[in-house]
Amino acid sequence: MSQFGDAIRELSTAQKSAKGVSLYSRYVNRPVGRVLAAAGYSVKLTPNQVTLISAAVTFAGVVMTATLRPSSAAALGIFAALFLGFALDSADGQLARLTGAGSAAGEWLDHVVDCAKMLALHMAVLVCFHRHFGFSDPVLLCVPIAFQFAAVMVFFGGILTEQLKRAERLRSGAGRPASPAPASTLRSVALLPVDYGVFCALFLLFGSQDLFVAGYCVLLAAHVLFMAGFLVKWYRELSAPGR
């Protein structure tokens, strides 16, 4: 128990910057991930093992989305799996920082699994739209495809921008970036519609076809708008003089 408590205390002082992070990730996902990371440390799990557990739990939610008939029970089961999978996705990085076991291979595995989960979940929604909601209109069936496209573009664009900035700093000998500015509460609220945790929470509405589809379309619209804004922002940052 002392080992668990020591890990919690150490992790509390070794968190990533909150800048550019939504309120959900900041106040829900990271704290839950911290507890799971401490638990993983107590039973001597490696970060990669936690990543794979996260994948297994999330894919259980994906399978339930594609196969179960919408109901309140299914909604709770899917949400629980996705919620836990996302928290474990935070735990693997925190465990890596706690143990000093972070590696390029571990980071690669984490991002590949994240991308696979994102692709699979929207494909499962597409299956549900056709199989359980009875949608046959091509426009409606294209909604999960469009959401998948926007979500992956935001995810991949953000990761690629971060890596290119890191590579540029190494080439220029600039070293570590300056300390980030304090997190903006307004920005943290604005980012909620594109937070994966909020998307997971949408599945609490899975028992109601109308509410789930309406919420899904609202989040799709938010992702499309943010995708356009982020792509312009990232391109300008990478094109700025002196880079």
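Residues numbered from 1 in each chain as written. Predicted model: local features only at pLDDT ≥ 70, side-chain atom pairs only at ≥ 80, totals over all residues. Heavy atoms only, no water.

Summing up its helical and strand segments, the chain has nine helices and zero strands in all. Relative to its length of 243 residues, the chain is compact, with a C-alpha radius of gyration of 19 Å against a globular reference of 18 Å. Taking the principal axes of its C-alpha atoms as reference, the chain extends roughly 55 × 50 × 30 Å. Taking all 243 residues of the chain together, 39% fall into the buried category. Of the roughly 12700 Å² that the chain leaves accessible, carbon and sulfur atoms contribute 68%. On the chain, the mean spot of the 20 positive side-chain charges and the mean spot of the 13 negative ones are 5 Å from each other. (Helix = DSSP H or I, 4+ residues; strand = E, 2+ residues; numbered from the N terminus. Rg over C-alpha atoms; globule rule 2.2 N^0.38 Å. Buried < 20%, exposed > 50% of the residue type's maximum accessible area, 1.4 Å probe, protein only. Areas by Shrake-Rupley, 256 points an atom, 1.4 Å probe, with all protein chains shown as cover. Lys, Arg positive; Asp, Glu negative; His and termini not counted. Charge placed at Lys NZ, Arg CZ, Asp CG, Glu CD.)

For helix H6 (residues 138–172), with 35 residues, the first-to-last C-alpha span of 50 Å sits near the 51 Å given by 1.5 Å per residue. The largest bend along H6 reaches roughly 25° and is located at Pro 144. Listing the buried residues of H6 in full gives Leu 141, Val 143, Pro 144, Phe 147, Gln 148, Ala 150, Ala 151, Val 152, Val 154, Gly 157, Thr 161 and Glu 168. For H6, the N-terminal capping position is held by Asp 137, with its side-chain oxygen 2.9 Å away from the main-chain nitrogen of Val 139. (Expected span 1.5 Å × (residues − 1). Bend = angle between axes of the 7 residues up to and from the residue. Polar contact = N/O pair within 3.5 Å; in protein donor to acceptor, adjacent residues only side chain to side chain.)

Take the pattern of salt bridges next. Applying the stated rule across the entire model yields six salt bridges. For Lys 117, the salt bridge identified is with Asp 114, shortest N-O distance 3.7 Å. Of this pair, Lys 117 and Asp 114 are both found in helix H5 (residues 104–131), three residues apart, which corresponds to roughly one turn of the helix. Taking the shortest distance from any N to any O, the salt bridge between Arg 171 and Glu 168 comes out at 2.6 Å. In this pair, Arg 171 and Glu 168 both sit in helix H6, three residues apart, roughly one turn of the helix. Each of Glu 107, Glu 162 and Arg 166 takes part in one network of salt bridges that share partners. (Salt bridge = Lys/Arg side-chain N within 4 Å of Asp/Glu carboxyl O.)

Before going further, it helps to examine the side chain of Asp 89. Inspection of the secondary structure assignment puts Asp 89 in helix H4 (residues 72–99). One buried charge, Asp 89, has no salt-bridge partner; the nearest side chain with opposite charge is Lys 117, at 4.3 Å.

At a minimum axis distance of 7 Å, the contact between helix H2 (residues 23–42) and H4 shows a crossing angle of 60°. Relative to H4, the crossing made by H2 is right-handed. Where H2 abuts H4, its residues Tyr 24, Ser 25, Val 28, Asn 29, Arg 30, Val 32, Gly 33, Arg 34, Leu 36, Ala 37 and Tyr 41 lie against Phe 83, Leu 84, Phe 86, Ala 87, Leu 88, Ser 90, Ala 91, Gln 94, Leu 95, Leu 98 and Thr 99. (Axes fitted to C-alpha atoms, helices over the stretch in contact; angles between N-to-C directions. Left-handed = near helix turned anticlockwise from the far one by under 90°. Contact = heavy atoms within 4.5 Å.)

In this section: the nonpolar core. Core analysis: the largest hydrophobic core is formed by 33 residues, its most contacted members being Phe 129, Phe 199, Phe 203, Phe 206, Phe 212 and Tyr 216. For this core, the elements supplying multiple residues, two or more each, are helix H3 (47–67), H4, H5, H6, helix H8 (196–202) and helix H9 (209–239). Discounting residues that sit within four places of it in the chain, Phe 199 has contacts with Leu 121, His 122, Phe 147, Tyr 216 and Leu 219. (Core = buried A, V, L, I, M, F, W, Y, C linked by side-chain atoms within 4.5 Å.)

It is worth spelling out the side chain of Ser 25 at this point. When you line up the elements, Ser 25 lands in helix H2. Beyond its immediate chain neighbours, meaning those up to four positions away, Ser 25 contacts Arg 30, Pro 31, Phe 86 and Asp 195.

Attention now goes to the packing of aromatic side chains. Per the stated rule, a full pass over the model turns up 20 aromatic pairs. Counting every residue linked through ring pairs, the aromatic cluster contains Tyr 24, Phe 86, Phe 129, Phe 133, Phe 135, Phe 147, Tyr 196, Phe 199, Phe 203, Phe 206, Phe 212 and Tyr 216. (Phe/Tyr/Trp six-rings, centres within 6.5 Å; stacked < 30°, edge-to-face > 60°.)

So, on to a nonpolar patch on the surface. A cluster of nonpolar side chains, Phe 156, Leu 160, Leu 164 and Leu 238, forms an exposed patch at the surface whose accessible area comes to about 340 Å². Here the nonpolar patch takes three residues from H6, the largest share from any one element. Tracing the sequence through the fold places Leu 238 in helix H9. Using a relative accessible area of 31% as the deciding quantity, one classes Leu 238 as partly exposed. (Patch = residues over 30% accessible without salt bridge, like charges linked within 9 Å, V, L, I, M, F, W, Y side chains within 5 Å.)

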